[in-house]
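# Topology and contacts: notes
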Amino acid sequence: MAIRSGDLKKRLTLLRASETTNALGEPESTWSQIGQVRAAKADVSDGEKVEAAGVEFFLETRFTVRASALTRSLTTDDRVMCGGRLYEVTGLKDVEEETGIEISANSRGVQP
């Protein structure tokens, strides 16, 4: 079964780190957009726990995208952004008879 266009309702921005040097000559990572794709989004789990600094929340999500040279180049070192929320890529696998890729990702943060 192929991925239907109507299921790809979210815009997913793909980000990759690159090493640069700051004004002091120290190495620094910066995140650059490498592309945008349409995706289906399914939140798998969420939660929060109280820490000394505030409340830490987490959201585990799976995005399904069409397979392409760009989406096949993703690794767990990359990040994605959807709806203003930043996610770390935690896993990738072929789906839909290798016409799609499932991106497992999580988002974490602290609210004071």
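Relevant structure appears above.
Residues numbered from 1 in each chain as written. Predicted model: local features only at pLDDT ≥ 70, side-chain atom pairs only at ≥ 80, totals over all residues. Heavy atoms only, no water.

This part covers the overall build of the protein chain. Check the secondary structure of the protein chain and you find 1 helix and 6 strands. The N-to-C order of helical and strand elements in the protein chain reads β-β-β-α-β-β-β. Out of the 112 residues belonging to the protein chain, those deemed buried represent 30%. Counted over contacts in the protein chain with a minimum sequence separation of 6, partners at least 24 positions apart contribute 54%. Here the protein chain displays about 7,100 Å² of accessible surface, and carbon together with sulfur accounts for 48% of that area. Each charge class in the protein chain can be summarised by its mean position, and for the 15 positive and 18 negative side chains these summaries are 8 Å apart. (Helix = DSSP H or I, 4+ residues; strand = E, 2+ residues; numbered from the N terminus. Buried < 20%, exposed > 50% of the residue type's maximum accessible area, 1.4 Å probe, protein only. Contact = heavy atoms within 4.5 Å. Areas by Shrake-Rupley, 256 points an atom, 1.4 Å probe, with all protein chains shown as cover. Lys, Arg positive; Asp, Glu negative; His and termini not counted. Charge placed at Lys NZ, Arg CZ, Asp CG, Glu CD.)

What follows is about the environment of L14. Within the secondary structure layout, L14 lies in strand β1 (residues 10–21). By relative accessible area, L14 is classed as buried at 0%. Residues contacting L14, with those up to four places away along its chain left out, are S32, Q33, I34, G35, V37, L70, L74, R79 and V80.

Bringing the packing of aromatic side chains into the picture now. A complete count under the given rule lists 1 aromatic pair for this structure. Considering the side-chain rings of F63 and Y87, the 5.2 Å spacing of their centres and the 85° angle between planes classify their relative orientation as edge-to-face. Pair noted here: F63 is in strand β3 (residues 54–66) and Y87 is in strand β5 (residues 85–95), with a separation of 24 residues, a long-range link. (Phe/Tyr/Trp six-rings, centres within 6.5 Å; stacked < 30°, edge-to-face > 60°.)

Examined against the element boundaries, N106 turns out to sit in strand β6 (residues 100–111). Contacts of N106, omitting those with residues within four sequence positions, involve L59, E60, L86, Y87, E88 and T90.

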